[in-house]
Amino acid sequence: MFLSRSLPFVVVFLVFLSPAPANAIRSLPNKITSNKVGSFLQFREAPEYRNQQRCTEIDRNNEQLVCDPSLVHIAMTIDWDYLRGSIAAVHSVLKHTSCPQNLFFHFIASDARLESKDEFDRIVQSSFPSLKFKVYVFRKSLVENLISPSIRQALENPLNYARSYLADLLEQCVERVIYLDSDVIVVDDIQELWKVSLTGSRVIGAPEYCHANFTRYFSYEFWSSSEFSEAFAGRKRPCYFNTGVMVMDLVRWREGDYTRKIEKWMEIQKDRRIYKLGSLPPFLMVFGGDVEAIEHRWNQHGLGGDNVVNSCRTLHPGPVSLLHWSGKGKPWARLDARMPCSADYLWAPYDLYIPHDHTHHHHHRRTATDSSL
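Read on for a plain summary of the structure. Numbers given for residues are sequential positions, taken from 1 along each chain in its written order. It should be noted that, the model being predicted, local features are given only for residues of pLDDT at least 70 and side-chain atom pairs only at 80 or more, the latter also being counted only at that level, while totals for whole chains, interfaces and linings use all residues. Side-chain calculation: all heavy atoms of the structure are included, whereas hydrogens and water are not.

Things to note about helix H3 (residues 116-127)
What counts is decided by this rule: In DSSP terms, a helix is any run of H or I states spanning at least four residues, a strand is any run of E spanning at least two, and both are numbered starting from the N terminus. Expected span, for any helix, means 1.5 Å times one less than how many residues it has. Burial classes follow relative accessibility: with a 1.4 Å probe on protein chains only, a residue under 20% of its type's maximum area counts as buried, one over 50% as exposed, and anything between as partly exposed. Note: the arc covers the axis-to-C-beta directions of the helix.
Helix length check: H3, at 12 residues, gives a terminal C-alpha distance of 16 Å against a target of 16 Å (1.5 Å per residue), a fit within 8%. The set of residues buried in H3 consists of Ser116, Glu119, Phe120, Ile123, Val124 and Ser127. One face of H3 carries all of its buried residues, which in axial projection span an arc of 125°.

Below, the structure is given as structure tokens:
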């Protein structure tokens, strides 16, 4: 799918366009349902999306579907602040994949509230009755003492580090997973991303951005010390990549004990302050220069502005398979504030949230600047 930089046209075009060869077969829910959390969050039930005829048949009575390698396994975190984004992301994946019944979602929730796991189970089940999924609990104590202050408070959330622990959190039989942030929508068939091959001994795959200034993600002390900068010795030139969309080989991850390697850099950071950006720099240090490069269309990131300013950005030129509101601004918050950016209208059709007043508002469109890294 190709998106123009002329956003007024894009909004009309993308909202109604679905890639016909890949889309699931859609049927409306038999009943209108909503799921209410306390008195502040309600979600509609999504339409039921069914497999195309060419999809592999899955034994729905198999209790070990969580281990089934023929399914596409997707991991996401889930919490109250980003719940609306998570639900929209799942909806987008189901709508645009050819085989929605051949997916398994692994949701990672924090143990900050013990009752959250059951509540998230209920929310996901009521929004997507046919979805195969499991909610796991991430112990924030694993990283609380390793987290350093960041330039944005949201980056200090322990759950932001759960992606480093997927190999331990998920069953050992889960050998491969796609990790997605909660502020994305997928507008292409997720099966295509699943097919990406991690060549050689590579552990992760992600879109790389080699024109970005890689050095700016680390401090002067890092680059002036051979003790640290030699971490990249023996690899090709390291490039920036965004950890919000990754294909991960969990077998190789476990064999290489990569969680411990990431923790090591977090321990150094506590004493030496060699970076500022939360969970990203340890990934860059451990994997930079040894990442399977995936097409850029699978992470059109930066739509939330940067980590300090909630600014509007336009889309990068070229094909788009996944839109990512990385940065401070989130589409649901800007839409609710009636100050959305143009790109936020591309997120809105996947939103299952039921507003309190059930009314529609006219939004004031904000001016976009060029999207950058």
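Next comes the rest of the write-up.
Focus on the sheet that holds strand E9 (residues 176-180)
Counted only if it meets this: Following DSSP output, two strands are said to pair if at least two bridges run between them.
A sheet is described by the order of its strands in space; here seven strands give the open sequence E8-E7-E6-E9-E14-E11-E15, paired in mixed fashion. This sheet does not close on itself; its edge strands, each paired only once, are strand E8 (133-138) and strand E15 (292-293). Sheet topology places strand E6 (residues 72-77) next to strand E7 (residues 103-110); six bridges connect them, and they run parallel. Along E7, the bridge assignment pairs Val72 with Leu103.

So, the state of the cysteines
What is meant by a disulfide is a covalent connection between two cysteines, made through their sulfur atoms. The condition is simple: When the sulfur atoms of two cysteines come within 2.5 Å, that pair is taken as a disulfide.
On inspection of all chains with the given rule, the structure shows four disulfides. A sulfur-sulfur distance of 2.0 Å marks the disulfide that ties Cys55 to Cys99. Judged by the sign of its S-S torsion, about -90°, the cystine formed by Cys55 and Cys99 is left-handed. Pair noted here: Cys55 is in the loop between strand E5 (48-50) and E6 and Cys99 is in the loop between helix H2 (83-96) and E7, with a separation of 44 residues, a long-range link. Neither residue differs from the other here; Cys55 and Cys99 are each classed as buried.

Things to note about the packing of aromatic side chains
Selection rule: When two rings of Phe, Tyr or Trp (its six-membered ring) have centres within 6.5 Å they constitute a pair, described as stacked for plane angles under 30 degrees, edge-to-face for angles over 60, and tilted for the intermediate range. Any Lys NZ or Arg CZ found within 6 Å of a ring centre and within 35 degrees of that ring's normal is scored as a charge over the ring.
Tallying each qualifying case throughout the model produces 17 aromatic pairs. Pairing Phe218 with Trp223 gives two aromatic rings, centres 5.8 Å apart and planes at 85°, and the pair type is edge-to-face. What makes Phe218 buried here is its relative accessible area of 7%. Taking 6.0 Å as the distance between ring centres and 45° as the angle between the ring planes, the aromatic pair formed by Trp253 and Phe283 counts as tilted. Of this pair, Trp253 sits in helix H8 (residues 250-256) while Phe283 sits in helix H10 (residues 280-287), and the two are 30 residues apart along the sequence. Per residue, the accessibility class of Trp253 equals that of Phe283, and both read buried. Feature note: the residues Phe218, Phe222, Trp223 and Trp265 constitute an aromatic cluster, connected by ring pairs. The ring of Trp194 is capped by Arg176, whose NZ or CZ atom sits 5.1 Å from the centre of that ring. A cation over a ring is seen here: Lys261 above Tyr258, with NZ or CZ 4.3 Å from the ring centre.

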